[in-house]
Amino acid sequence: MKLWLLLALIGLLHLHAFSVASQPRPLKPDLVVSEASVTPQRVGVGEEFTYTVTVKNIGGAPCDRIVFQLFPIDDLSELVRVVPETPIRCEREVCSGPPPFALLPGHTIQAKFVQRAKTPGLHAAATATVDPNNHCSEASGRNNTATSPTVQIIERPKLQVSARRPPPSNIV
């Protein structure tokens with residue numbers, strides 16, 4: 001009796017796993033910001049830090065109109081450069097994949113936004129958004145934004161190096 005019950009449960013679990021695994025992805029692209037990170041999270045004035053934005057297509061179809069952008073909240077820092085993955089292009093905080101580029105299902109694209117700290121303070125988190133103008137007909141537009149951690153900008157102490165040496169000791 002116990003063996004029969006165990007076999008029946010195993011059969012139900014197998015059937016459930018097969019039905020869940022065989023459910024198709026939506027037949028539309030679904031772009032998400034899968035990463036919005038910053039390193040390091042504490043810098044001195046004049047030093048650089050980097051926001052990394054990764055976009056992933058979790059849908060079931062390619063998207064051929066990729067646009068994503070980064071919005072720093074304040075002006076305690078300034079954009080130095082953007083390092084995009086090929087073949088995307090970036091102008092300031094906006095990156096796009098020019099035709100014929102398409103982000104295939106399950107694939108990602110990434111850009112790094114290098115900032116220089118200008119003013120001490122707690123730098124508010126930056127917001128990354130993909131498909132801000134709804135150019136790509138997606139399965140869901142509710143998952144297109146992510147926020148990075150904050151950055152602390154500090155004033156580093158100014159150290160002076162002196163070439164003066166102490167007098168020699170009179171140790172015999």
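Just so you know, these numbers come straight off a predicted model, no measurement behind them.

In this section: the overall build of the protein chain. Each helix and strand counted, the protein chain has one helix and twelve strands in total. Secondary structure elements of the protein chain occur, N-terminal to C-terminal, as α-β-β-β-β-β-β-β-β-β-β-β-β. Expressed as a percentage of the 172 residues in the protein chain, the buried residues total 33%. Within the protein chain, residue pairs in contact and separated by at least 24 positions form 78% of the contacts whose partners lie at least 6 positions apart. When the accessible surface of the protein chain is split by element, carbon and sulfur atoms take 58% of a total near 11,400 Å².

Moving on to the sheet that holds strand β7 (residues 94–96). Pairing is antiparallel in the open sheet, where five strands are placed in the order β6-β7-β4-β10-β11. Taken across any chain shown, the strands that pair with only one partner, and hence form the sheet edges, are β6 (89–91) and β11 (145–147). Between one strand and the next, the sheet's axes are offset by a mean angle of 15°, whatever the strand orientation. The pairing of strand β4 (residues 67–71) with β7 spans three bridges and is antiparallel. When the bridges of β7 are listed, Val 67 appears paired with Ser 96.

Here we take up the nonpolar core. One recurring pattern in soluble globular proteins is that nonpolar side chains are buried together. Counting 30 residues, the largest nonpolar core has Tyr 51, Val 53, Ile 66, Phe 68, Ile 109 and Phe 113 as its most contacted members. With residues near it in sequence (within four places) discarded, Tyr 51 still touches Ser 37, Val 38, Leu 70, Ala 111, Lys 112, Phe 113, Gln 115, His 123, Ala 124, Ala 126, Ser 148 and Val 151.

Here we take up the side chain of Thr 50. Inspection of the secondary structure puts Thr 50 in strand β3 (residues 48–57). Ignoring sequence-local partners within four residues, the contact set of Thr 50 consists of Ser 37, Val 38, Thr 39, Lys 112, Phe 113 and Val 114.

This part is about the pairing of β3. Most of β3 is tucked away, with eight of its ten residues classed as buried. Bridge count between strand β1 (residues 31–39) and β3: eight bridges; the pairing is antiparallel. Bridge assignment links Ala 36 to a residue of β3, and that residue is Val 53. Taken together, the nine bridges between β3 and strand β8 (residues 108–117) define a ladder with antiparallel strand orientation. The partner of Glu 48 across the bridge, within β8, is Arg 116.

Calculation rules
Residues numbered from 1 in each chain as written. Predicted model: local features only at pLDDT ≥ 70, side-chain atom pairs only at ≥ 80, totals over all residues. Heavy atoms only, no water. Helix = DSSP H or I, 4+ residues; strand = E, 2+ residues; numbered from the N terminus. Buried < 20%, exposed > 50% of the residue type's maximum accessible area, 1.4 Å probe, protein only. Contact = heavy atoms within 4.5 Å. Areas by Shrake-Rupley, 256 points an atom, 1.4 Å probe, with all protein chains shown as cover. Pairing = 2+ DSSP bridges. Axes fitted to C-alpha atoms, helices over the stretch in contact; angles between N-to-C directions. Core = buried A, V, L, I, M, F, W, Y, C linked by side-chain atoms within 4.5 Å.

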